[in-house]
Amino acid sequence: MTAPQAGANTGSPQVPRRVTLATGVVGGAVGALLGGGTGVVTVPILDRLTTLRRGAIHGTANLVNVAVAVVGAAVYELRGGHLDATAGAGLMVGGVLGAFFGARVAARAGDQALRAAFAVVLAVVAAELCLGAAGVGPSGGSPLLGAGPRHDVTVVVLLTVVIGVVVGAWSAAMGLGGGSLTVPVLILIFGVGPHTAEGTSLLVMLPNSIVASVQHLRQHTASPRLGAALACGAAPGALLGASAGLVLGDAVLGWVFGLFVLLIAAQQLARIRADRS
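Worth saying up front: this structure is predicted, and the values here are computed from it rather than measured.

Engineer: Describe in detail the packing of helix H3 (residues 54–78) against helix H10 (residues 224–247), supporting the description with residues and values.
Structural biologist: At a minimum axis distance of 7 Å, the contact between H3 and H10 shows a crossing angle of 30°. By the angle between their axes, H3 is roughly parallel relative to H10. Taken as a pair, H3 and H10 cross one another with a handedness that is right-handed. Class assignment of the residues belonging to the contact of H3 with H10 gives a composition of 17 nonpolar, 5 polar and no charged.

Engineer: So, the nonpolar core: which residues are in play, and what are the values?
Structural biologist: Judged by nonpolar contacts, the single largest core of 31 residues is most densely connected at Val40, Leu122, Ile163, Leu186, Phe190, Ala197 and Phe257. For this core, the secondary structure elements donating two or more residues are helix H1 (17–33), helix H2 (39–49), helix H4 (85–108), helix H5 (111–133), helix H7 (153–174), helix H8 (179–188), helix H9 (194–218) and helix H11 (250–276). Contact partners of Ala197, with chain neighbours within four places excluded, come to Val183, Leu186, Ile187 and Val192. The next biggest cluster of nonpolar side chains, apart from the first, holds 20 residues, and it includes Ala32, Val43, Val64 and Met205.

Engineer: An account of H2 is requested, with residue identities and associated values reported.
Structural biologist: Of all 11 residues making up H2, 8 are buried, and the element is well covered by its neighbours. Of the residues making up H2, those classed as buried are Gly39, Val40, Val41, Thr42, Val43, Pro44, Leu46 and Asp47.

Engineer: Mind laying out the environment of Ile187, listing which residues take part and the relevant values?
Structural biologist: Residue placement: Ile187 occurs in helix H8. Residue classification places Ile187 among the buried residues on the basis of a relative accessible area of 13%.

Engineer: Could you give an account of a nonpolar patch on the surface, with specific residues and numbers?
Structural biologist: A cluster of nonpolar side chains, Val93, Leu97 and Val165, forms an exposed patch at the surface whose accessible area comes to about 230 Å². Tracing the chain through its elements places Val165 in helix H7. Given the relative accessible area of 32%, Val165 is considered partly exposed.

Engineer: Please give an account of the packing of H2 against H11 that cites residues and values.
Structural biologist: The description of two packed helices rests on the angle between their axes and on the distance between the axes. Where H2 meets H11, the axes come as close as 10 Å, and the angle between the chain directions of the two elements is 25°. Comparing their axes, H11 and H2 come out roughly parallel. Seen from above, H2 lies across H11 with left-handed handedness. Here H2 contributes Val40, Val41, Pro44, Asp47 and Arg48 to the contact with H11, which in turn contributes Phe260, Ile264, Gln267, Gln268 and Arg271.

Engineer: Please give an account of the UniProt feature "transmembrane region" (unreviewed entry) in the chain that cites residues and values.
Structural biologist: Per the UniProt entry, the sites bearing "transmembrane region" (unreviewed entry) are residues 20–43, 55–76, 88–107, 114–135, 155–176 and 252–270 in this numbering. Summarising residues 55–76: 100% helix, 0% strand, and an end-to-end C-alpha distance of 31 Å. Within residues 114–135, the helical portion is 91% and the strand portion 0%, while the C-alpha atoms at the span's ends are 32 Å from each other.

Engineer: Go over empty space enclosed by the protein with me, naming the residues and quoting the values.
Structural biologist: Summed over the entire model, instances satisfying the criterion amount to 1 cavity of 30 Å³ or more. Counted as a void, the largest cavity has a volume near 80 Å³. If you trace the largest cavity, you find 11 residues lining it, with Leu34, Gly36, Gly37, Val40 and Ser180 closest to the centre. For the lining of the largest cavity, the secondary structure elements donating two or more residues are H1, H8 and H11.

Engineer: Quick rundown of H8? Include the residues and the values.
Structural biologist: Most of H8 is tucked away: 10 of the 10 residues are buried. Buried residues of H8: Gly179, Ser180, Leu181, Thr182, Val183, Pro184, Val185, Leu186, Ile187 and Leu188, and no others.

Engineer: Just give me the short version of the confidence of the model for the chain, but keep the residues and values in it.
Structural biologist: When pLDDT is averaged across the chain, the result is 81; 88% of the residues are at 70 or more. Looking across the chain, the model is least confident in strand S1 (residues 2–3), with a mean pLDDT of 50, and most confident in H10, with 93. The low-confidence segment residues 4–13 (pLDDT under 50) makes 32 contacts with residues lying over four places distant or belonging to another chain.

Engineer: Provide a residue-level description of the pattern of salt bridges, including the pertinent values.
Structural biologist: Per the stated rule, a full pass over the model turns up 1 salt bridge. One salt bridge connects Arg54 with Asp47, and the closest N-O pair in it is separated by 2.8 Å. By the burial criterion, Arg54 is buried, and Asp47 matches it.

Engineer: How would you explain the environment of Gly55 if you had to name every residue and give the values?
Structural biologist: Secondary-structure assignment places Gly55 in helix H3. The buried category is assigned to Gly55, whose relative accessible area is 0%. Each C-alpha atom, one on Gly55 and one on Arg108, is 8.0 Å from the other, the two residues being 53 residues apart in sequence.

What counts, and at which threshold
Residues numbered from 1 in each chain as written. Predicted model: local features only at pLDDT ≥ 70, side-chain atom pairs only at ≥ 80, totals over all residues. Heavy atoms only, no water. Axes fitted to C-alpha atoms, helices over the stretch in contact; angles between N-to-C directions. Helix = DSSP H or I, 4+ residues; strand = E, 2+ residues; numbered from the N terminus. Parallel < 35°, antiparallel > 145°, perpendicular 65-115°, else oblique. Left-handed = near helix turned anticlockwise from the far one by under 90°. Nonpolar A, V, L, I, M, F, W, Y, C, P; charged D, E, K, R; others polar. Core = buried A, V, L, I, M, F, W, Y, C linked by side-chain atoms within 4.5 Å. Buried < 20%, exposed > 50% of the residue type's maximum accessible area, 1.4 Å probe, protein only. Contact = heavy atoms within 4.5 Å. Patch = residues over 30% accessible without salt bridge, like charges linked within 9 Å, V, L, I, M, F, W, Y side chains within 5 Å. Areas by Shrake-Rupley, 256 points an atom, 1.4 Å probe, with all protein chains shown as cover. Salt bridge = Lys/Arg side-chain N within 4 Å of Asp/Glu carboxyl O. UniProt positions renumbered as here; feature names shortened; annotations may be inferred. 1 Å grid on protein atoms, 1.4 Å probe; cavity = no way out; pocket = protein on both sides within 12 Å on 5 of 7 lines; lining within 4 Å. Points joined across faces, edges and corners; volume = space filled by probe spheres on them. pLDDT = per-residue confidence, 0-100.

Here is the structure:
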């Protein structure tokens, strides 16, 4: 059997259901493990296996991210993971606002521009997190925000709302769920530990992904049927990924996050080069 696709604006060849489910499982596991969405897995795979426009691929990834956010955040909460409610609240408010505009950006931007932005940002984030895991660079030392402002609720909320707008817009356009930005922001700026950062990121991702999904569906830049099929695999995958994330130590988690994201960035840059040749 095959997983059906969307209509005229997002049409593509059908993908075998077993491939769709496997992609969802891997995407959900990686997303929950790394505190983000499924985009680092689903976007490259859908780009290769379908003829969907890049914006529609990112939109479809947002639909899957809703399932990962629900399952991943629940696992972190129920199994003893820590969530930063203050920073999370500001990021959620800002993220909802940003997600609305980010979905519009995905609808208008060219495929190569989206792919380049996707790769460059991930490469920078990956390099910094790998350095941090090795004890070098900002994420390996003191947070960028001083102790006083970090403990001032008003400052934290206002700052995270602004950051949330940027993260929400970017994640809605890229289909990443925002974890590849939210986790580094929480670690580098606010000094939050990797496990707390990832659990908080999953919680923040839920409203962002819902708003982005609604907007993508309204503007026909997502495949609802393909998204639902991927989500069926992503839910159990997220359960496994979040559980594994809680077991790993902070340094190991930092290396896993950084190296994986670096690999995806390199893959996307190679794809850009191949398309130009």
